[in-house]
Every structure is written in structure tokens, then in C-alpha cells.
2 protein chains.
Amino acid sequence: MAKLKPRTLAGFMELLPAPQQQMERIMQTLRETYSLYGFTPLDTPIIEDAQILLAKGGGETEKQIYRFQKGDSDLALRFDLTVPLAKYVAMNYGQLTFPFRRYQIGKVYRGERPQRGRYREFYQADIDIIGDGKLDIANEAEIPSIIYQTFSRLGLKRFQIRVNNRKILNGFYEILGLTEQSQEVMRTVDKLDKIGPKAVRDILVDDIAVAPETADEVLNFIAIKGTNTEVLSALESYKGKSATFDKGLEELTTVTRYLAAFGVPEENFAVDLTIARGLDYYTGTVYETVILDHPEVGSVCSGGRYDNLAGYYTDKPLPGVGISIGLTRLFFVLNDQKMLNDAVPTAPAEVLVVPMSAEQQGYAISVATQLRASGIRTQLYTEQKKFKAKINYAVKLGIPYAMFLGETEEQEQVVAIKDLGKGEQVTVKLEDAVAIVKEYLEKTKEIPSIVE
Amino acid sequence: MAKLKPRTLAGFMELLPAPQQQMERIMQTLRETYSLYGFTPLDTPIIEDAQILLAKGGGETEKQIYRFQKGDSDLALRFDLTVPLAKYVAMNYGQLTFPFRRYQIGKVYRGERPQRGRYREFYQADIDIIGDGKLDIANEAEIPSIIYQTFSRLGLKRFQIRVNNRKILNGFYEILGLTEQSQEVMRTVDKLDKIGPKAVRDILVDDIAVAPETADEVLNFIAIKGTNTEVLSALESYKGKSATFDKGLEELTTVTRYLAAFGVPEENFAVDLTIARGLDYYTGTVYETVILDHPEVGSVCSGGRYDNLAGYYTDKPLPGVGISIGLTRLFFVLNDQKMLNDAVPTAPAEVLVVPMSAEQQGYAISVATQLRASGIRTQLYTEQKKFKAKINYAVKLGIPYAMFLGETEEQEQVVAIKDLGKGEQVTVKLEDAVAIVKEYLEKTKEIPSIVE
């Protein structure tokens, strides 16, 4: 029969077993951390009615949507986890308890041109807190503290959560009389890191028709740097000219103060007036997170406060705050930068149980069953192969312990356990072997996913 | 603005937070159990090249496939996890270590007509062991022992794994000279439970042109019942007439013997000669699993031994054995039959931390941070609401403990912790409160997902 060459589509991440284990560990850390903060897991369909999913319509994203007919249905694959959340909350409003905290880790689809580190199918890992009509500012401080916990638990130290407040920006542009052009101005300011202040000024003046002295004011404003206290003090000088600005400054001050209470160290957190987040959607605190040694990667965790989650589906005002980690891209970057920790165990088992001959099969099964009952991941090697092939199997997979069971071991009801890393072998009772493996397991628990 | 009525497509399961927590617990049990047996997790794309996915082509399934164009690409959503596994193993053959054991829990798509309990998007939870050229029979006994463990850990007791061997069936039909009609005969025999022996005989004789005395032989054969030992003894009488039959009987006898060694009780396991599994694909041991009190549900976990996993993609012989749990359907059935255990905690947190006024916000944040550091899922309630609304929030979500922090508590560095189930409140040091919650957590760990 003619064979079809097996392949996986470009732009779709499919990992070999060892890196998949690393990915699983990262996902598990996210699930655990999000759960510790009282977020409930959700799982919404990957396929939605295209009308519902694209209620917002238009924009860059629409071209990238996977949209297709099946029978009479106009279907689309979700392109983020926010629109499905909006649908879910609007649809189940009466059955949910607010503030509603949910996390979702799931695949989303965007038909971007595949390129290095860009995926068409990728995981997002989102948390959101949705209020019913109102939502306290404290939530806007808790969110970055969760980002801090998440990345810290993954093993990252040199990262920075950058925080701003859209009301400060909107208020500032109001003071300058630039409210109408504010979207364009913010988009231009967002290019500061890439093109520098001179080019930003040129675009402001030449393309957006901002008066030269006003453009200078904009540049002065976004040039405000320093410690969080210094930046906040510098902002005091703009007070009293715009209610929106004043409200934003009050919120940002509160968020900064709470963050200390949440135990987020000053070095992992910076008030940064250049952060705007493109979307109109955000109305208060906004976040970006950068890996300090790899600023070229851009933000690995972004989000912010919004006033109206589900305006397309319901009249109910549903303010919220949330963040999203682009997990597939993050994993690609960590791998690419050699930041995935090699010390993380990637073997499918802790113990390979090897009966020395067919006679010990029964004893081997009984030993494997007891190991599993003790919570030890165990493989039973039953193939008819040479002894060396059996050892090689364990070594290739990185299984740390082999357990050899021969006639003598069975008679004496003991096991010969070999530490394949150290090459040391001892013959002990099964319960002692269990203790050895459990000690190993305890040590590996603490190994972080990421190294710097 | 006109609102769009939010809806989820028919045939797509989307759960409210409490049942979602039950689903998560079941998935976690599957992941843990599969891992204990040395299976490594895989995650393949949901979208594949349609040519690759449909290499096998034809059949009932093809009509149900979600297939669509995106740009120049002919794409399809996976309809099971076996074809993607075949692709993966063929593609990564040189980088995998055999026997290759993988589990995958993932969504698959079939455009069936939506009806009660049938889903278009549903989870499958698969395990497979793939050999390189050969695979020992012991694996065929280990697989049902994993099914046994999985369902036992979920809390199910009254279930039965039914086992047969395709070589026995093929050999038997060879003995009767029915090899060419064997597919049709097996399909008819499969209806035995629904239509009874008389109707089966009629179809065999009238529609498939089986000689009446041969039809009687078939009915006698599938009427063989009894304990596993009795069934195996009855089969001895057919020995010596077909090498295929003899091989099948030897395999089934070995599997039965090993199963006892794996600790599977006789009541959860039956040799059943009516089990055939429709697909041509299977060549040895085949499995079905029924919930004894709900036989109408059909098999909740099926699979078997196959000789050629990836014949469409590679010349390499890749024999294997695997099973699949239709998780979404299983969840539907369990819910429908009131077999999901109400006692499983579905709250998003163990503790709701409630500062009595804004002054205690800082203390509340510090307490919540310490609870989380102890591994206790904690929500901080910061909304400006009446005391009763705060309590109601915890009660509605089923959060078992509320912690009240007022001026006195802060001054004395203690917490007032209330068991919302019992209504009892004590004021203690935080470490003692942690101990109370941890004790609760230990107890809930053992609660099974399923009750009978």
C-alpha cells in the first residue's frame, strides 16, 4: 500500500514526550496557583456559533478566524477565551455568584501567517474576576499579585509586572485637549521602545496634527521614570485638571499600596506610564509583564480592568479585571532561550519493574501493584528482551530507578533496586524501596520549571 | 445597542461551575491513574490536514467529520485520538522509546445529530501501549487492570470488564467455514442482547445464508456462560481444529490468569464470547466495560489489541493495545443517573476571608497570603457589601469556612473562623485555623466522584 507521509500542520505545536512533560508541569503550576486564589475552572466549547463569537465584529482578528459551515450552521473556532467568557456569564447570569472568579486554560485559534514562535493553535491561560454592576479596586491589586505568584512558582525571578491606569492616560489627553485623537496618540506612544522619542514626536506632529508644544508635553509625560513612589509623586503635578485623571491617580496609588501588602517585591513591579494596551475595552488598571533579560519577547502576561464584559449580549453592566498568559508562545520562548529546567523529571515513571525471567512475572506484577498503590508511577517491563535492552529502555526514558526481580528476590520477598543515575544497587524489602523512591519524589517536587 | 442572545451550540457540553468541578475531579483521577501505570501525557492538535486524518477514508465516520478550507488548506478536526496517535508515532518513530505508553485526554469532534447524551464535541480519555514490531501478551492483561483501577478510584464498584479474543472468534468462524461472512455474522451476534437468539438465528439463516445447523452452532457458542474458568473449559472442546482459535484460547487463558495477579476481582471481570468490537482493526484481546446497574448505557470503556497502528503512514509494524473512555458521555450518564457524588466539594475555595471593615484590608490580605502559602484555596472578599451578603456569597458557593477579621482579631493577631456547615465559630491563631482547614481537606480527598 502507498504510504502517506505523516505530518503536523505548520503553526501547530506538537511536543515530544519529554518537553510535553515540562509543559504539563507548567500547566499544573498555573492550575494550582489560580486555584489557590479561589478561581473556578471553566471549560467552554472550542466551536461556537460564528454570529455569537463575532458579535463584536470587524478588526484585524476577523480575518484570522477559522470560520466554516457545517450543514446549515455558521461556525467559528474561538480566537480567545474572553468572548466565550462573556457569552457564558451573560447566558448563565442568574446561576452564577458574583464576583465570579474563573480560570480557563484552553486552546484558541488564529490563522496568522506561521512564523517562528507564532502559532495558529495556542493555549491561553486566563483568569478573570467579574462583578455584578460593581467591582472593588482591591481586585485590581490582587491580579498582579497572582501574576507574581505564578511566575515565582514557575521559577522565574527576573520579571517585571508593569502597571498603568487608563484613566490617567485618558485624563491626561483630556487635559491636553487630545481626547479625540487619544487612540492614535496611544498607538504612536506604544512604539516608543521601537522607534525612539524623536520619531514618536514626528508622527504626533506630522501625521496626527498635534501641536508641537503639546507633543512635547506628551513626551515629557511618558518620560516620567523612577521608583513607583517617584512616578506617583511626579503625577501629582497634573492633579486638579481632570476628574478622570484624578480618579486614575487615586486608583493607581491604591493598587500600588495594596501590592506591597500582597507581598509583591518592588523589583517585580513598576508603575509605567507607557503601558496603554491597545484595546478600547480597558478602562482602569492595565498590566504587562516582561522577562527582564528578554525584553524582545514583549509581554508574556497582559490584561486589565474593563467596565463592560458582555455588552453585546446583555444590558447588565459586568465590570471585571483579568489577565491572559499566552502559554504556547511562552513555552516556545522558554525553550528557545534554554530557560526550561533540564532538572525537571520528564520520565513517564519513577520505577521500571524488571522480572528476570517469565517465572517472576507474577511477583513483578504484585510488586508493581504495590508500588502504584503507594503513589509511585511504575512501569512493568514484560517484553522478551535481553537484560541490557531493558536497562536501556529505562535510561533512554530517564526513569530514575530499576527494580530487578529474580528467583532469589522472590524467594526472600525482597527487591533489588538500582539508582540508574548513581549506578548504585541495593537489595531491600519493598517498603524500604518505596521509602527510597518517595524521598526522591519529595526532592523533585521543588524543582522549578524555569531556570534563568 | 441591540443585544445578541448568547447561546452555546446544541451538542456541545458547557457546564456550570459546580458540575465542572466534578468533571475536573474525574479528569484528575484519570490523569493520576494513567500516570501511575507509566503512561506519558500527549497533546496533539485538534486541527489536522484532512488528507492525513482521513487516510483510512470512507465509512460512517467520514460524513460526521468537521472538514473545511482555510486559505489553500484542506483541514479537519480530529474525530478520535487514535488516528492522531498513529500519525504521531509514525512521524516521531526514531525519537520514541518502545513500548511507547501514552495517555491523552482531549476533545474530539463528530457532527452527529444532537440527541440526549450524544455530543458533537466530547472528551475521549485514551491509553495505548505501542510496540516496535512485537508486544507481549502481558500488556493485554495490564490494560483491563488499569480500567479496574480507574473505575474503582472513581468510586464505582458495580461494573464489569468483559473480555474476549478476536482470534477465538475468527478461529471459530474458520472452523464453521464462515470466514468470509464473519463480519456480517459478528454484527448480527452483536444484536443478541437487543433482539434475542431467535431473531439472530433468523437473520443468520435468511439474510446471510448460514446453514441452519451452523447457525445453531453459532448460537450454542455464544450461549456459553459461567465463571471465567467454566467458559474457558467449555472452549477446550473446540481445540485442535484451527491454529487461530488455539492461539486465541491460549491468549485469553493467559490474560485471565494475569488478571488475578493484577488484583482484579472475579466479579469485575468476565470472559464474554459475545464481545466482538465492530472494527476490523482489532486482532486479539477486546474489551468492553458496563455499569452493571445501567446496562442500557452500553460500554463506557472499550478497546483492544491491534496489529498495525499506523499502516497508512509507515511500513513499520506497530502492534498495540489500548482503550478509550468516552468521558463526556460518561459524565452525562453519571449525572443523569444521579451517580455524581454530591459530597464532592465543588466550591472554588476552602476559605473566604472577610475583613470587617476597610481598616482590616491589610490584615486580611496578609492572612489570605499566608493561607495560600499553606496550600489552602482562599478567596478574599473585598466588595463593599453588608455582612449578610458576604456570608451568603460563601454559602451559595459552598465555601466551607469563613474567616472574619475585625479590629480585635487584628490587634490580637488571631482569626475568627466559622464552619459554615456546622455553624460553629472559634477564635484562634492563624496556624490553628490552618490546621482545622487542612483536616477538612484530608477528609475530602477520599471522597469518590461516583456513588452507586
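Structure's up top.
Scope of this entry: the structure provided in the associated data block. (Residues numbered from 1 in each chain as written. Chains lettered and ligands numbered in written order. Predicted model: local features only at pLDDT ≥ 70, side-chain atom pairs only at ≥ 80, totals over all residues.)

1. Some points on the sheet that holds strand 3 (residues 67–70) of chain A
Residues and elements named next belong to chain A. Strand order in the open sheet made by the three strands is 2-4-3, with antiparallel pairing throughout. Of all strands in the sheet, those with a lone pairing partner are strand 2 (47–49) and strand 3, marking the two edges. Direction aside, the axes of adjacent strands within the sheet are offset by 40 degrees on average. Here strand 3 pairs with strand 4 (residues 73–77) via four bridges, running antiparallel. Within strand 4, the residue paired with Lys70 across the bridge is Ser73. (Pairing = 2+ DSSP bridges. Helix = DSSP H or I, 4+ residues; strand = E, 2+ residues; numbered from the N terminus. Axes fitted to C-alpha atoms, helices over the stretch in contact; angles between N-to-C directions.)

2. With respect to the interface of chain A and chain B
Facing 78 residues of chain A, the contacting portion of chain B comprises 78 residues. In the side of chain A that touches chain B, the residues fall into 35 nonpolar, 24 polar and 19 charged. (Contact = placed C-beta atoms within 7 Å. Nonpolar A, V, L, I, M, F, W, Y, C, P; charged D, E, K, R; others polar.)

3. Description of the relation of the copies chain A and chain B
Of the transformation superimposing chain A on chain B, the axial component is 0.0 Å and the angular component is 180 degrees, with the fit at an RMSD of 0.1 Å. Expressed as an axis order, the relation between the two copies is that of a two-fold axis. Within chain A, Phe68(A) has its C-alpha nearest the rotation axis, a separation of 3.1 Å. Counting the interface residues of chain A, we find that 100% of their copies in chain B are interface residues as well, pointing to one common contact surface. (Least-squares fit on C-alpha atoms with pLDDT ≥ 70 in both.)

4. Some details on the packing of helix 6 (residues 166–175) of chain A against helix 11 (residues 243–261) of chain A
Residues and elements named next belong to chain A. Helix 11 packs onto helix 6 with a crossing angle of 150 degrees between their chain directions and a minimal axis gap of 7 Å. Classified by the angle their axes make, helix 6 and helix 11 are roughly antiparallel. In the packing of helix 6 onto helix 11, the handedness of the crossing is left-handed. Contacts between helix 6 and helix 11 involve Lys167, Ile168, Asn170, Gly171, Phe172, Glu174 and Ile175 from the first element and Thr244, Phe245, Lys247, Gly248, Leu249, Glu251 and Leu252 from the second. (Parallel < 35°, antiparallel > 145°, perpendicular 65-115°, else oblique. Left-handed = near helix turned anticlockwise from the far one by under 90°.)

5. What to know about unusual backbone geometry
All names here are of chain A. Across the junction of Phe98 and Pro99, the peptide omega takes the value -5 degrees, indicating a cis bond. By the secondary structure assignment, Pro99 is in the loop between helix 4 (82–91) and strand 5 (100–109). Of note, Lys338 is a non-glycine position whose phi angle comes to about 55 degrees, a positive value. Relative to the elements of secondary structure, Lys338 occurs in the loop between helix 12 (327–336) and strand 12 (351–355). Take Lys338: there are 9 C-beta atoms within 10 Å of it, and that puts it in the exposed class. (Buried ≥ 20, exposed ≤ 12 C-beta atoms within 10 Å, placed from the backbone.)

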